[in-house]
Structures are given as C-alpha cells and as structure tokens.
Amino acid sequence: MEGRLADGPLADELRGICGDEHVLTHHHQLRTYESDGLLQYAALPGVVVLPGDAREVAQVVAACHRAGVPFVARGAGSGLSGGAMPVEDGVLIVVSRMRRILEVDLANQRVVCEPGVTNIAISEAVGPSHFYPPDPSSQIVCSIGGNVAENSGGAHCFKYGFTTNYVTGLEVVLPDGETVQLGGKGLDGPGLDVLGAFVGSEGTLGIATAITVRVIPSPETTRCLVAFFDSTTEAGEVVSEVVREGIVAGAMEMMDNLSIQAAEGATNAGYPQDAGAALVIELDGSQAECEARFDQVVSLCEQGGAWKVRVAQDEAERALIWKTRKAAFAAMGRIAPNYYVQDSVIPRTRMAPVLERIEALAREYDLKVANVFHAGDGNLHPLVCYDESKEGEAQRAEELAGMIVKVCVDEGGSITGEHGVGVDKKRYMPQMFEEPDLAAFQRLRCAFDPDGRANPGKVMPTPRLCGEVPGPYRRHPLEAAGLAERM
Ligand SMILES: Cc1cc2nc3c(=O)[nH]c(=O)nc-3n(C[C@H](O)[C@H](O)[C@H](O)COP(=O)(O)OP(=O)(O)OC[C@H]3O[C@@H](n4cnc5c(N)ncnc54)[C@H](O)[C@@H]3O)c2cc1C
C-alpha cells in the first residue's frame, strides 16, 4: 500500500463500489498510469480505479466529491499533451473496462457506446456499409471518450471534419457525481450548445460515460497515391493547388525527408529514402467523380515537380502506403532515443516559410526535427529528436518545441491542432487568448466544476480558483494585423 489515499476510507469506499480487483494502490501498479503518451510529464496517482459501468463511475465521482479529492479521467492513455497525467494524491478513473457498443442504429446512422470503446471498433461495428470518419493515427488503441475530450482529428478530417462534427449526444457524470444527458440522436437541440462545450474540454468538465456518434455511408470507391518531391515547399504548393482546383481530397498527408527515412526503415514500403518530401493524397466518393478527379490530381503532382507518382493498384498497396505514414511517430526511435511531438496549426499557405524557420531553429539548437503533417488542414507535427542521456539535450528540445509553437502562432496559427492543451501547452495559452477569453473559459469550467476537482492543473495557464482573475495576455497576431477581431 502506498500514500495517504491508498490507506484511507476513500479507497475502501471505492473497493466497495468497483470490487477489490479494480482498485489499484500498490506502487508498481500505480507506476503503469503515471503518464500518458507524453512521457516527459509524470505523477503517481493516490489510487487508480477501473469502474465497470456508468453507475460505478457516478458513484466513484460522488465519493471523490464527498471526500474533497480531485480526480482525472483516463481512456487508453495515448494522449500526447499530458492530459491524463494523474494528480498526486488524487484518484485516476480509468474507463478502459467500459468497452460495450450499446446500440447500433443504422436507420438513423447513429452508434451509442461506452467511453472505453476504441475509435476503430466503431467503424468495425458498422462496416463495411458505414464508417466513423475521424481517424486518429492511434485509432486502434485510443478510446472514443479520449477522442471526445480532445476533439481528436486524423488524416481524413480535411474532408470529413473532427470529432465535434460527429458527436450528437453524451451521458456525462458531473464533478459532483450527478449524471446528465447532453444532446441525443438529433443533430442539434434547442438551447445553448453545452454538448459543444464538453467536446474538447479535456476531462475538465466531467466524465463522458456514454457517447452517441454519427456514422456515415462508406464511399463507393477510394483512390490513393503517394508522390515524391525534392522539397516540402514543392509538395506544399501542390496541396494548395489541389484545394484551389476545388478538389476535396479525403486526405492529404505529407512527410519530410527525415520522417521518410525513419518510417521507410521500419516498413519497407518502397518510399525512396532520398525524397525531400512524400505527399499521400486519397480521393474517395462516387466512382465517376473519383476517377475524373484522380487523373487531375496526378497531373497536378507532376506539374508541381513530383519525380515519381506511385498509384496504389489495390487495397494491399494502399494499406502499405498508409502504413509508412502512420508509422512515422513510432519510427522516430530509429533516429533518436527520445522525441518530443509538437502539434500546432498554420494557415496552409504559410507552410514554406514556417518550415524554413523550423529548419533554422533546429540548426540553432543543434537538434534534428522531422516533420509529419496533416497537410490539408495545415496541422504540423514536428518531431523534435533528442537524447536525454546527453546533458541539457532534453531541455533544449523542450525549448525548441516551444519556439516552434511561437512561430506557428506568429504566422496566424494555433498552439494545438488535435492533441489538446493538457499540461504541456497550458503555458502557451496566453499567446493565443486574451484575459477576457481565459476568464470566460474559467467561468464555463466553474459552472460545471465550482470546486476545481475535475482534472485540475490542466488547460488553464495558471492554477486558479473560480472567480480568480487570469494572468497576462497578448493579442493574437491576426488581431494585431487587423484581420480578425473579438466579438
Ligand atoms: C502514435 C500516436 C498517434 C496519434 N495520432 C493522433 C492523431 O492522428 N490525431 C489525434 O487527434 N490524436 C492523435 N494522437 C493522440 C491521442 O491518441 C488522442 O488525443 C486520443 O483522443 C486520446 O485518447 P485516449 O483514450 O488515449 O485518451 P487519454 O490519453 O486517456 O486521455 C486524454 C484526455 O481525455 C480525458 N478523458 C479520457 N477519457 C475521458 C472521458 N470518458 N470523459 C472525459 N474525459 C476523458 C483525459 O482526462 C485526458 O485529458 C496520437 C497518439 C499517439 C501515441
């Protein structure tokens, strides 16, 4: 047994609710849960509890409320911003046992499921006639509850939209243990969009215990290619050309030379290791439209400087092309013992200058940065490589990652595209939001959680209580340039 909570009456109460075997208190068990996918941030929870259903979640949260103990929700723990990092001496509520699909209603194109269901399991439950479009690269492990909390995206969100565009209803346990229904099967209910506020709230407003999502018919056909260029600038121009031509690609994904080298080394999919950039473009829809548009995309790639365009001849080749793109993060281990995933957004047309700045910063900090992008959305994932065994390298990597965020915001972008703010990015919030914005976020949070017990210390730049005034702020560059204003 470890720590104050583990020995106390709350742990006993949690055992009574969920059963002894689902309440973890030993040091070696707690260590499993000390961080999410962003290993740079870690904390030991006081107790880990794994409820089996929504009723148990509500009872666990109510017990925390009565005891005045903070709690953090956790799905699969694949988050990359430290969002599911536990609070020391708090309770970590892990919903991974809650994996039931509760209802498949194809007549209304809805699926209702528990929060621990993996993203891919939803498409599997309704396939092959239908699918669930938001597709994080982590989709075989990440939970739909985590997707809701992070408003997750993926390769196909350029055409289809993000999690928030597919969640129509939620059952939520509020921080005092009360269960409420937000939305339902309908597309939009009357009143304030409380459902919209919950999606992307990173576990700070309560715990989603049942989720209703929209699924859509699978496209009649899919065509996929990967084109190779000398530079990311050329490939980026082609992305803009495709958009300018009014072609709504299912996905447009880019990798630079360093990420190609790492991923190809892992997958042997036939990506040339000397390519400056690889651009994966996928079209889907009706056969006739796809065929016509696909030829146009091939021409745009060739005119844009592609020296090789490989068209997937069958489903196996398409899967191989995607395997390399999806392996990019994991393959970084071939380049450096450690890496730091950055996630920021830029206006698509600013890709070339931003990449030049990132390259210059990498030289200045004497570190390697590999780049993987959801190019259609302007969502960059610079992977800052380092070796933590070398004195000062981890700190340099973190600083460099912070400089990259600044460059993106200065170009009119955002501090995060899809991985969330969590604990990692909260210090950058004042780069994007002014004091009144932060105060409004805080008031909303306090309306759900006046005692600040749901995932405290995340998202907001400084820990503050309800009613406290937030810290300093800067105007967003788009406002300073007179291109946007606050209403
Ligand atoms: C290799 C790799 C690739 C990735 N690719 C992508 C990508 O393409 N797109 C993308 O968007 N993300 C990506 N991610 C990040 C991550 O997978 C997503 O953020 C995912 O949504 C997290 O889900 P999870 O179940 O792992 O959540 P966790 O990491 O467990 O939690 C994430 C946040 O959600 C909260 N939370 C979890 N469950 C609930 C619940 N039921 N109710 C309320 N709050 C809850 C937690 O408190 C935490 O704040 C990637 C991660 C990895 C490791």
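One can find the structure itself at the top, above this paragraph.
Keep in mind it's a predicted model, so treat the numbers as computed, not measured. (Residues numbered from 1 in each chain as written. Predicted model: local features only at pLDDT ≥ 70, side-chain atom pairs only at ≥ 80, totals over all residues. Heavy atoms only, no water.)

1. With respect to the overall build of the protein chain
Alright, step 1. Helices and strands together make up the secondary structure of the protein chain, namely 18 helices and 19 strands.
Alright, step 2. Scaling as 2.2 N^0.38, a compact globule of 487 residues should have a C-alpha radius of gyration of about 23 Å, and the protein chain matches this with 23 Å.
Alright, step 3. Its C-alpha atoms give the protein chain principal-axis dimensions of about 70 × 55 × 50 Å.
Alright, step 4. Of all 487 residues assigned to the protein chain, the portion counted as buried reaches 57%.
Alright, step 5. Accessible surface, the protein chain as shown: approximately 19,900 Å² in total, 51% of it carbon and sulfur.
Alright, step 6. Across the protein chain, the mean location of the 42 positive side-chain charges is 1 Å away from that of the 67 negative side-chain charges. (Helix = DSSP H or I, 4+ residues; strand = E, 2+ residues; numbered from the N terminus. Rg over C-alpha atoms; globule rule 2.2 N^0.38 Å. Buried < 20%, exposed > 50% of the residue type's maximum accessible area, 1.4 Å probe, protein only. Areas by Shrake-Rupley, 256 points an atom, 1.4 Å probe, with all protein chains shown as cover. Lys, Arg positive; Asp, Glu negative; His and termini not counted. Charge placed at Lys NZ, Arg CZ, Asp CG, Glu CD.)

2. Some words on the site of the ligand
Alright, step 1. A73, S78, S138, S143 and S152 are the nearest of the 33 residues found near the ligand.
Alright, step 2. A73 has a polar backbone atom sitting 2.6 Å from an oxygen atom of the ligand.
Alright, step 3. With respect to the ligand, the backbone of E202 contributes an N or O atom lying 3.2 Å from an oxygen atom.
Alright, step 4. If the ligand stood free it would expose 990 Å²; the protein chains cover 94% of that surface.
Alright, step 5. Put simply, the parts of the chain that give the shell around the ligand at least two residues each are β3 (71-74), α6 (144-150) and β10 (207-214).
Alright, step 6. Take the shell around the ligand: its biggest share by element is 5 residues, from α6.
Alright, step 7. Class assignment for the residues of the shell around the ligand results in 11 nonpolar, 18 polar and 4 charged. (Near = heavy atom within 4 Å. Polar contact = N/O pair within 3.5 Å; in protein donor to acceptor, adjacent residues only side chain to side chain. Nonpolar A, V, L, I, M, F, W, Y, C, P; charged D, E, K, R; others polar.)

3. Notes on helix α17 (residues 435-448)
Alright, step 1. Taking 1.5 Å of rise per residue, the 14 residues of α17 would be expected to cover 20 Å, and the 20 Å separating its terminal C-alpha atoms lies within 8% of that figure.
Alright, step 2. Of all the residues in α17, the buried ones are D437, L438, A439, Q442, R445, C446 and F448.
Alright, step 3. Tucked into the core, α17 has its buried residues touching α8 (194-198) and α16 (429-432). (Expected span 1.5 Å × (residues − 1). Contact = heavy atoms within 4.5 Å.)

4. Observations concerning the sheet that holds β3
Alright, step 1. Taken in spatial order, the 4 strands make up an open sheet running β1-β2-β4-β3, and their pairing is mixed. Since the sheet does not close on itself, it has two edges, and those belong to β1 (23-24) and β3, each with one partner.
Alright, step 2. As defined by bridge partners, strand β2 (residues 47-49) adjoins strand β4 (residues 91-94) across 3 bridges and the pair is classed as parallel. Bridge pairing in β4 links V48 to L92.
Alright, step 3. Here helix α2 (residues 9-18) sits on the sheet and contacts β1, β2 and β4; the angle it forms with β2, its principal contact strand, is near 15°. (Pairing = 2+ DSSP bridges. Axes fitted to C-alpha atoms, helices over the stretch in contact; angles between N-to-C directions.)

5. Details of the pattern of salt bridges
Alright, step 1. In this structure the tally under the stated criterion is 20 salt bridges.
Alright, step 2. By sharing partners, the salt bridges in this structure join E103, D105 and K185 into a single network. (Salt bridge = Lys/Arg side-chain N within 4 Å of Asp/Glu carboxyl O.)

6. Things to note about the sheet that holds β10
Alright, step 1. Judged by pairing direction, the sheet is antiparallel, and its 5 strands sit side by side in the order β5-β6-β10-β8-β9 without closing on themselves. If you trace the sheet from one side to the other, it starts and ends with β5 (101-105) and β9 (179-183), each paired once. Averaged over all neighbouring strand pairs, the angle between strand axes comes to 10°, with direction disregarded.
Alright, step 2. Sheet topology note: the strand β8 (residues 167-173)/β9 ladder contains 5 bridges and is antiparallel. Pairing of V173 across the sheet is with T179, part of β9.
Alright, step 3. Strands β8, β9 and β10 of the sheet are contacted by helix α4 (residues 54-67), whose axis makes an angle of about 50° with β8.
Alright, step 4. Strand contacts of helix α5 (residues 119-126): β5, β6 (110-113) and β10, with the helix running at about 45° to β5, the strand carrying the most contacts.

7. Observations regarding the packing of aromatic side chains
In this description, an aromatic ring pair is defined by two values, namely the gap between the centres and the angle between the planes.
Alright, step 1. Under the counting rule described, the total for this entry stands at 5 aromatic pairs.
Alright, step 2. Aromatic pair F131 and Y160: ring centres 5.6 Å apart, planes at 90°, arrangement edge-to-face. On the criterion of sequence distance, the pair formed by F131 in strand β7 (residues 130-131) and Y160 in helix α7 (residues 157-160) is long-range, its members being 29 residues apart. Each member of the pair, F131 as well as Y160, is classed as buried.
Alright, step 3. On the basis of an interplanar angle of 75° and a centroid distance of 5.3 Å, the ring pair of F228 and Y271 is categorised as edge-to-face. (Phe/Tyr/Trp six-rings, centres within 6.5 Å; stacked < 30°, edge-to-face > 60°.)

8. What about the packing of α2 against α4?
Alright, step 1. One way to put it is that α2 packs onto α4 with a least axis distance of 10 Å and a crossing angle of 165°. Comparing their axes, α4 and α2 come out roughly antiparallel. The chirality of how α2 crosses α4 is right-handed. For the pair α2 and α4, contact is made by L10, E13, L14, I17 and C18 and by E56, Q59, V60, A63, C64, R66 and A67, respectively.
Alright, step 2. Each residue belonging to the contact of α2 with α4 can be placed in one class, and the counts come to 8 nonpolar, 1 polar and 3 charged. (Parallel < 35°, antiparallel > 145°, perpendicular 65-115°, else oblique. Left-handed = near helix turned anticlockwise from the far one by under 90°.)

9. Focus: the nonpolar core
Alright, step 1. Core analysis: the biggest nonpolar cluster contains 51 residues, and L225, F229, I281, C301 and V384 have the highest contact counts within it.
Alright, step 2. A per-element tally of this core places helix α14 (residues 351-365) first, with 7 residues.
Alright, step 3. Beyond its immediate chain neighbours, meaning those up to four positions away, F229 contacts E234, A235, V238, A275, G276, A277, L279, C301, G304, G305, A306 and W307.
Alright, step 4. Residues A155, C224, A275 and A312 belong to the second largest nonpolar core, which totals 29 residues. (Core = buried A, V, L, I, M, F, W, Y, C linked by side-chain atoms within 4.5 Å.)

10. Considerations on the state of the cysteines
Alright, step 1. Per the counting criterion, the structure on display carries 0 disulfides.
Alright, step 2. Free of any disulfide, C142 has its nearest cysteine sulfur in C157, 11 Å distant.
Alright, step 3. With no disulfide of its own, C301 has C224 as its nearest cysteine by sulfur position, at a separation of 11 Å. (Disulfide = S-S within 2.5 Å.)

11. Overview of the environment of G457
Alright, step 1. Along the chain, G457 turns up in the loop between α17 and α18 (477-480).
Alright, step 2. With 31 residues separating them along the chain, G457 and K426 place their C-alpha atoms 8.9 Å apart.
Alright, step 3. Other than its neighbours up to four places away in sequence, G457 contacts V423, K426 and R445.

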